[in-house]
Amino acid sequence: MGDNGRVSTPATPPQTFRVCFVCTGNICRSPMAEIVFRELATRRGFGSLVTVTSRGTGDWHVGEPADPRTVAALDAAGFDGREHRAAQFQRADFAANDLIVALDQGHLRSLRSLAVEQSERDTVEMLLGFLPGSGADLDVPDPYYGEPSDFARVLDTVTRGCTALLNHLTPVLTHGDPRS
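Residues numbered from 1 in each chain as written. Predicted model: local features only at pLDDT ≥ 70, side-chain atom pairs only at ≥ 80, totals over all residues. Heavy atoms only, no water.

Chemist: Summarise the packing of helix H1 (residues 29–43) against helix H6 (residues 148–174); cite the residues concerned and give the values.
Modeler: Where H1 contacts H6, the two axes come as close as 9 Å, and the packing angle between them is 45°. In terms of orientation, H1 and H6 fall into the oblique class. The handedness of the crossing between H1 and H6 comes out as right-handed. Each of Arg29, Met32, Ala33, Val36, Phe37, Leu40 and Ala41 in H1 lies in contact with H6, whose residues at this interface are Phe151, Val154, Leu155, Val158, Thr159, Cys162, Thr163, Leu165, Leu166 and Leu169. Here the contact of H1 with H6 is built from residues that sort into 14 nonpolar, two polar and one charged. (Axes fitted to C-alpha atoms, helices over the stretch in contact; angles between N-to-C directions. Helix = DSSP H or I, 4+ residues; strand = E, 2+ residues; numbered from the N terminus. Parallel < 35°, antiparallel > 145°, perpendicular 65-115°, else oblique. Left-handed = near helix turned anticlockwise from the far one by under 90°. Contact = heavy atoms within 4.5 Å. Nonpolar A, V, L, I, M, F, W, Y, C, P; charged D, E, K, R; others polar.)

Shown next, in the form of structure tokens:
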């Protein structure tokens, strides 16, 4: 009971900021970004304030785990990628997310062409675009046809991008509802 004798209503839970990372098949780059960003947010105390997912522009790997080299690179860096299962980006994902993060220019074009409304296109950004001084090449290289060392290098790039993105979102996460 509240002080005035009425039943108190619980405070409205804070809105979460919803981020979706997108690459080609959702087995290399975007799962790395999803897992790293979620962990970085948790470490900074924002774990309950963000919802993080990832998707692929194509359907080739839907339901499959992350590439074993992705899982190995994540594991070597202290992240767990074993539970990931690939999913394809759908139009409904625009409404389900506040920010959609493309990993290369091809993903950016695919996502923006799938968008019907300008407001949907406006939610799509490049991960490396959040890095200060990132220059003109904002593509995170695709390690799929490379060696395990390529996955480690891409993970380093993704981690730097996710750190910059989290720095960019920190004021939003610390000052209430990100959609207001």
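Chemist: I'd love a proper account of the side chain of His61, names of residues and values included.
Modeler: Position of His61 among the secondary structure elements: in the loop between strand E2 (50–56) and helix H2 (68–76). You can call His61 buried: its relative accessible area is 17%. Excluding its chain neighbours within four sequence positions, the residues that come into contact with His61 are Gly25, Ile27, Ala86 and Tyr144. (Buried < 20%, exposed > 50% of the residue type's maximum accessible area, 1.4 Å probe, protein only.)

Chemist: Break down the pairing of strand E1 (residues 17–23) for me, citing the residues and quoting the values.
Modeler: Regular strands place side chains that alternate from one sheet face to the opposite one. In terms of burial, E1 is a largely internal element, six of the seven residues being buried. Direction of pairing for E1 relative to E2: parallel, over a ladder of seven bridges. For Val19, the partnering residue across the bridge sits in E2 and is Val52. Handedness of the crossover joining E1 and E2 through H1 is recorded here as right-handed. (Pairing = 2+ DSSP bridges. Right-handed = clockwise from strand over helix to strand, strands pointing away.)

Chemist: Give me the environment of Val154: which residues, what numbers.
Modeler: Mapped onto the elements of the fold, Val154 is located in helix H6. Residue class for Val154 comes out buried when judged on its relative accessible area of 4%. Considering only alpha carbons, one finds Val154 and Met32, 122 residues apart in sequence, at a separation of 8.8 Å. Not counting residues up to four positions away in its chain, the partners in contact with Val154 are Arg29, Met32, Val140, Pro141 and Pro143.

Chemist: Lay out the packing of aromatic side chains with the relevant residues and their values.
Modeler: As enumerated under the stated definition, the model contains three aromatic pairs in all. Between the NZ or CZ atom of Arg69 and the centre of the ring of Tyr144, over which it lies, the distance is 5.7 Å. (Phe/Tyr/Trp six-rings, centres within 6.5 Å; stacked < 30°, edge-to-face > 60°. Lys NZ or Arg CZ within 6 Å of the ring centre and 35° of its normal.)

Chemist: Talk me through the sheet that holds strand E4 (residues 124–126); I want residue IDs and the actual numbers.
Modeler: Across the sheet, four strands lie side by side as E2-E1-E3-E4; this open sheet has parallel pairing. The open sheet has two free edges, formed respectively by E2 and E4, since each of these has just one partner strand. This sheet shows a mean twist of 25° between the axes of neighbouring strands, independent of strand direction. The sheet contact formed by strand E3 (residues 99–102) and E4 spans three bridges and is parallel.

Chemist: I'd love a proper account of the nonpolar core, names of residues and values included.
Modeler: Counting 51 residues, the largest nonpolar core has Phe21, Phe37, Leu127, Val158, Cys162, Leu165 and Leu173 as the members making the most contacts within it. At the level of elements, E1, H1, E2, H2, E3, helix H4 (105–114), E4 and H6 are the ones that each hand at least two residues to this core. Per-element tally for this core: the top contributor is H6, with 10 residues. (Core = buried A, V, L, I, M, F, W, Y, C linked by side-chain atoms within 4.5 Å.)

Bear in mind that shape data such as this cannot, by itself, settle questions of function.
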